[in-house]
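The residues making up each chain are set out below.
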Amino acid sequence: MRMAVIIPAYNEADLIAKTLDSLLAQSYKAENIIVVDDGSTDETPKIIASYSEKHPEIQLVEKKSEAAHLPGSKVVQAFNYGLKHLKTDYDLLCKFDADLIFPDNYLKTVKQAFEQNPKLGMYGGFCYVERNGSWELENLTNKDHIRGALKCYRKACFEAIGGLKTAMGWDTLDELLAQYHGWEVATNTDLQVKHLKPTGHTYSAKAKYKQGEAFYGMRYGFILTGIASAKLAMRKKSLRLFKNYLSGYLRAKQKHLPFLVTKEEGAFIRKLRWKKIREKLF
């Protein structure tokens, strides 16, 4: 299976080489690795260019962008920009962050999972962060969720969901829509990826209401939004975040912001979410 990788990168001069080295060391290699420099002000594009000169599968794409790091929109816009520059067709498409170190069997294991299950639409491992000298699971989500940092899609699934939405929550919405279209989503706990920077540490102050807006956009409704907000805030150990998420939802509703999904997709999403809640309770 042909695999393509797109990596959005913004001011990753200290880390991008480690990510590219780990991808070049894979036992199964991607045919095309596009790194989108999203308006970096450091040496990121120069480092990527040096790799591109030595490794023809690596391609630097430069995009002018605002520096504000709003979750969802900036990274997905960069990803979509890179998608337009793919030189080859693909069977599997990966969206990776620029601050990851992959085990050398990562891509091979991903490829094999898709080969073995024709219904598999999305697949990925788990992010680990360094704490007190050891690598620990970055426990921000359930283990049935693929982190946005290391998504891999079957082409037919990616096309069925209409690509990635430029909004916070895109990495939850893609999985919900994949299931709506009949695809399976799976994770592999044995695939442990080193995440060199904690999630969200570069988000701007404007981002605090975005999660609530995302719940609104996915048509969760207020009760599900409350449950999801409480759960996420507890994981992040912040009561303030719970208030921000609910405020974001109510602001979006008051402004009548556009939804991210249709009524039918929203009904499916709510049904699926309630099913998951019942399974955990009972």
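Here is what the cut-offs are and how they apply
- Residues numbered from 1 in each chain as written.
- Predicted model: local features only at pLDDT ≥ 70, side-chain atom pairs only at ≥ 80, totals over all residues.
- Heavy atoms only, no water.
- Helix = DSSP H or I, 4+ residues; strand = E, 2+ residues; numbered from the N terminus.
- Rg over C-alpha atoms; globule rule 2.2 N^0.38 Å.
- Buried < 20%, exposed > 50% of the residue type's maximum accessible area, 1.4 Å probe, protein only.
- Contact = heavy atoms within 4.5 Å.
- Areas by Shrake-Rupley, 256 points an atom, 1.4 Å probe, with all protein chains shown as cover.
- Lys, Arg positive; Asp, Glu negative; His and termini not counted.
- Charge placed at Lys NZ, Arg CZ, Asp CG, Glu CD.
- Pairing = 2+ DSSP bridges.
- Right-handed = clockwise from strand over helix to strand, strands pointing away.
- Domains from an automatic or database assignment.
- Buried area = accessible area lost by both parts, 1.4 Å probe.
- Polar contact = N/O pair within 3.5 Å; in protein donor to acceptor, adjacent residues only side chain to side chain.
- Phe/Tyr/Trp six-rings, centres within 6.5 Å; stacked < 30°, edge-to-face > 60°.
- Lys NZ or Arg CZ within 6 Å of the ring centre and 35° of its normal.

Caption draft 1: The arrangement of the overall build of the protein chain in detail. For the protein chain, the count of helices and strands is 10 helices and nine strands. Over its C-alpha trace the protein chain gives a radius of gyration of 18 Å, about what one expects of a compact globule, namely 19 Å for 282 residues. Along the first, second and third principal axes, the C-alpha atoms of the protein chain reach 55 × 40 × 40 Å. Counting over 282 residues, the protein chain shows a buried share of 48%. Once local pairs closer than 6 in sequence are excluded, the contacts in the protein chain between residues at least 24 apart make up 78%. Within the structure as shown, the protein chain displays about 13900 Å² of accessible surface, and the carbon and sulfur contribution to it stands at 51%. With 44 positive and 32 negative side-chain charges, the protein chain shows a separation of 9 Å between the mean positions of the two kinds.

Caption draft 2: Up close: the side chain of Thr19. Relative to the helices and strands, Thr19 is located in helix α1 (residues 16-24). On the accessibility criterion, Thr19 (0% relative accessible area) is buried. Residues contacting Thr19, with those up to four places away along its chain left out, are Ile7, Asp97, Ala98, Asp99, Leu100 and Phe102.

Caption draft 3: Structural detail: the pairing of strand β2 (residues 32-38). Where burial is concerned, most of β2 is hidden: seven out of the seven residues are buried. The two faces of β2 match: Asn32, Ile34, Val36 and Asp38 on one face and Ile33, Val35 and Asp37 on the other face are all buried. In this structure, strand β1 (residues 3-9) lies alongside β2, joined through six bridges in parallel fashion. Each bridged residue has a counterpart across the sheet, and for Val5 the counterpart in β2 is Ile33. Sheet topology note: the β2/strand β3 (residues 58-63) ladder contains six bridges and is parallel. Within the sheet, the bridge partner assigned to Asp38 lies in β3 and is Lys63. Between β2 and its parallel partner β3, the chain crosses via helix α2 (residues 44-54), and the hand of that crossover is right-handed.

Caption draft 4: Up close: the domain arrangement of the protein chain. In terms of domains, the protein chain is made up of domain 1 (3-195) and domain 2 (209-279). Using C-alpha coordinates to define each centre, domain 1 is positioned 25 Å away from domain 2. Across the boundary between the two partners, domain 1 contributes 18 residues, which contact 18 residues of domain 2. Buried surface at the junction of domain 1 and domain 2, both sides included, amounts to about 1600 Å², of which 67% is carbon and sulfur. Together, Met168, Leu176 and Tyr180 form the three largest contributors to the area buried by domain 1 at its contact with domain 2, with a combined 37%.

Caption draft 5: Highlighting the environment of Lys276. Here Lys276 is to be found in helix α10 (residues 263-281). A polar contact of 3.3 Å, which involves the side chain of Lys276, links it to the side chain of Asp144.

Caption draft 6: Local environment of the packing of aromatic side chains. By the definition in use, this model includes 11 aromatic pairs. Their ring planes at 70° and their centres at 6.2 Å tell us that Phe114 and Tyr123 sit as a pair that is edge-to-face. Taking the relative accessible area as the measure of exposure, Tyr123 reaches 9% and is therefore buried. Seen in terms of ring centroids, Phe215 and Tyr220 are 5.1 Å apart; in terms of plane orientation they differ by 20°. Their pairing is stacked. Tyr220 matches Phe215 in its accessibility class, with the two residues each being buried. Members of the aromatic cluster, connected to one another through ring pairs, are Tyr216, Phe222, Tyr249 and Phe259. A cation over a ring is seen here: Lys111 above Tyr28, with NZ or CZ 5.0 Å from the ring centre. Here the guanidinium or amino end of Arg219 rests over the ring plane of Phe259, the centre of that ring lying 3.7 Å away.

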